[in-house]
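Next come the chains, spelled out residue by residue.
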Amino acid sequence: MSTTAKPGALSPAWRWAITQLVRRDLKVRYKNSALGFCWSFLNPLMQIAVMTIVFRYIMGSRIQNFSMELFTCFLPWMFFSQALNDGAVCVSKDFLLVKKYPFPRMILPISSLCSNFVHLCFGFAVLFIIFILLPVHFNVYMLWVIPFLIIQAALTLGLVLLLSTLHMYYEDIRFLLGSLTQLLFFLCPIVYTIDQVLESDRLAPIWKELYIVGNPLTPLFIGYRTALLHGGEWPVPDFWLYTGISAVWSAIILALGVLVWRRYQWQFPEMV
Amino acid sequence: MSQAVVEVRNLAKKYHVRHERMPSIKRAVVRVFRPYPTEVLWALRDVSFSAGSGESVGIIGSNGSGKSTLLRLIAGILVPTDGEITVRGAAGGLFELAAGFHPELSGADNILLSGALMGYSRRQVEDRYQDIVAFSELADFIDVPVKTYSSGMSLRLGFATAIAFEPQVLLVDEVLAVADEHFQRKAYGHLARLREKGSTLFMVSHELASIERHCTRAIWLEKGKIRADGPTEEVVGAYLAEQGNGNATG
């Protein structure tokens, strides 16, 4: 006779449950829309168009090839902000499931992250087509995107674990998160380049240092842009050191998230 | 005597009940340091019993006596504050009506999702899929979103999915009262067959008649403690007698 496995243990057996949840998320998101999946790249395209008009033609940004520079960073940014906002409510949203089945709770944030990753892949597919049309010629440096994405996914999952636990106690998180992600958007080198930050004579060196070291997203966005458009000519001297620091940040946040989650996950069904 | 399927030893479950729902801004600041004033509520205290293969146990008691908490603890959804629960085999059941079905997804998609979340593999779920559709009698509606289902239809789908995998321990919380006569008879008949195969049944209901009809043993919970545990007739009799007294004096 078998004893039931300790609930909460995440094993590969739960992969199918994760795929089912992702499938559900994708089906439900565009259930009544005529364009369906197209929205996952139409939205970023529209935003990129507007931002190009504003920053390039109205504010006169001197970045060459502005819309492409923006595109390469905007896709991972959308992934980050959407995953964070969806992830923060992943337990509350599926509270009925949490109250009904003793599955390992971790599959909720993981599947929420995976659904958003699917949208990112659609976005990258469009970028790929644009690269062929322009044409941008492909090189091996572009593969650097993969490790950057892994660091970003780890960071996002860690934050999602922390935020979704907190959200069970304070619904304020959701509202706070909306404006925080907007702030963070401007604190990352997305609509401007890292060169502009480093060349600024109004920022003291300590702020410039902090800008790169203190925000684990900064080296990643520098990385995406450089890997995809500039063939690995890393613009910051100590780029790999900074990427390493970003990876350490992400690992710490992920570890913290897992710890907090382990501590609280079995209290979720008791919440009213 | 064979080994017990469910063994519960000195089980206790404590809840922290929140009082405030709409805290003021001032309180919100205080709350950061001392989150939500809570009251401790012992939903279950010092509960011990064991149940063997093929047994059917009805759990009775007034509202708030801890019946549903006990069922959820056996299911592994809640973790005990104190004490131990050993369940040999899978525990599965039906708690709230339709809860957990996604309204926008079809019945078919919901079967797959529920099966996956119960921890069954893709093959296991696909093997039982036809049985679930047949038992729920929803073949004509299986590709329609669940939001269009009546409560009876949702219940049929939920029940069929819950019992399809023939868990060792069956947990049924109230819900069957919503079904029509025909489905109730069919459902109870199926539960009886599963018991003959060796499943253990736990049933929570306020309908004492159905507890008497379907359970050989009853546990009477009062304020989180076991008041009586024994043959259904005796326990239900004692429960009714006290309820009668309570009404007479109160």
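In the block above lies the structure referred to throughout.
Residues numbered from 1 in each chain as written. Chains lettered and ligands numbered in written order. Predicted model: local features only at pLDDT ≥ 70, side-chain atom pairs only at ≥ 80, totals over all residues. Heavy atoms only, no water.

Quick look at the pattern of salt bridges now. Counted by the stated rule, this structure contains 21 salt bridges over all chains. Across the pair Lys13(B) and Glu270(A) runs a salt bridge, and its minimum N-O distance is 2.5 Å. Here Lys13(B), found in strand β1 (residues 6–18), pairs with Glu270(A), found in the segment after α12 (239–264), and the two come from separate chains. Between Lys147(B) and Glu104(B) there is a salt bridge, with the nearest N and O atoms lying 3.1 Å from each other. One end of the pair, Lys147(B), is in the loop between α4 (122–136) and α5 (151–164); the other, Glu104(B), is in the loop between β5 (91–94) and α3 (107–117), and 43 residues separate them in sequence. Through salt bridges that share partners, Arg24(A), Asp25(A), Lys93(A) and Asp94(A) make up one connected network. (Salt bridge = Lys/Arg side-chain N within 4 Å of Asp/Glu carboxyl O. Helix = DSSP H or I, 4+ residues; strand = E, 2+ residues; numbered from the N terminus.)

Residues and elements named next belong to chain A. One pass over the full model with this rule turns up 29 aromatic pairs over all chains. Between Phe79 and Phe117, the aromatic rings sit 5.8 Å apart at their centres with planes inclined by 70°, giving edge-to-face as the arrangement. Here Phe79 is found in helix α3 (residues 66–88), whereas its partner Phe117 is found in helix α6 (residues 107–133), with 38 residues between them in sequence. Assessed through its relative accessible area of 4%, Phe79 is described here as buried. (Phe/Tyr/Trp six-rings, centres within 6.5 Å; stacked < 30°, edge-to-face > 60°. Buried < 20%, exposed > 50% of the residue type's maximum accessible area, 1.4 Å probe, protein only.)

The subject of this paragraph is unusual backbone geometry. The omega angle of the peptide bond from Leu134(A) to Pro135(A) is -5°, so this bond is cis rather than trans. With respect to the helices, strands and loops of the structure, Pro135(A) is situated in the loop between α6 and α7 (145–169). Of note, Glu137(B) is a non-glycine position whose phi angle comes to about 55°, a positive value. Along the chain, Glu137(B) turns up in the loop between α4 and α5. One non-glycine residue with positive phi stands out, namely Lys223(B), at about 45°. Following the sequence through the fold, Lys223(B) ends up in the loop between β8 (217–222) and β9 (225–231).

Just geometry here; none of it tells us what the structure is for.
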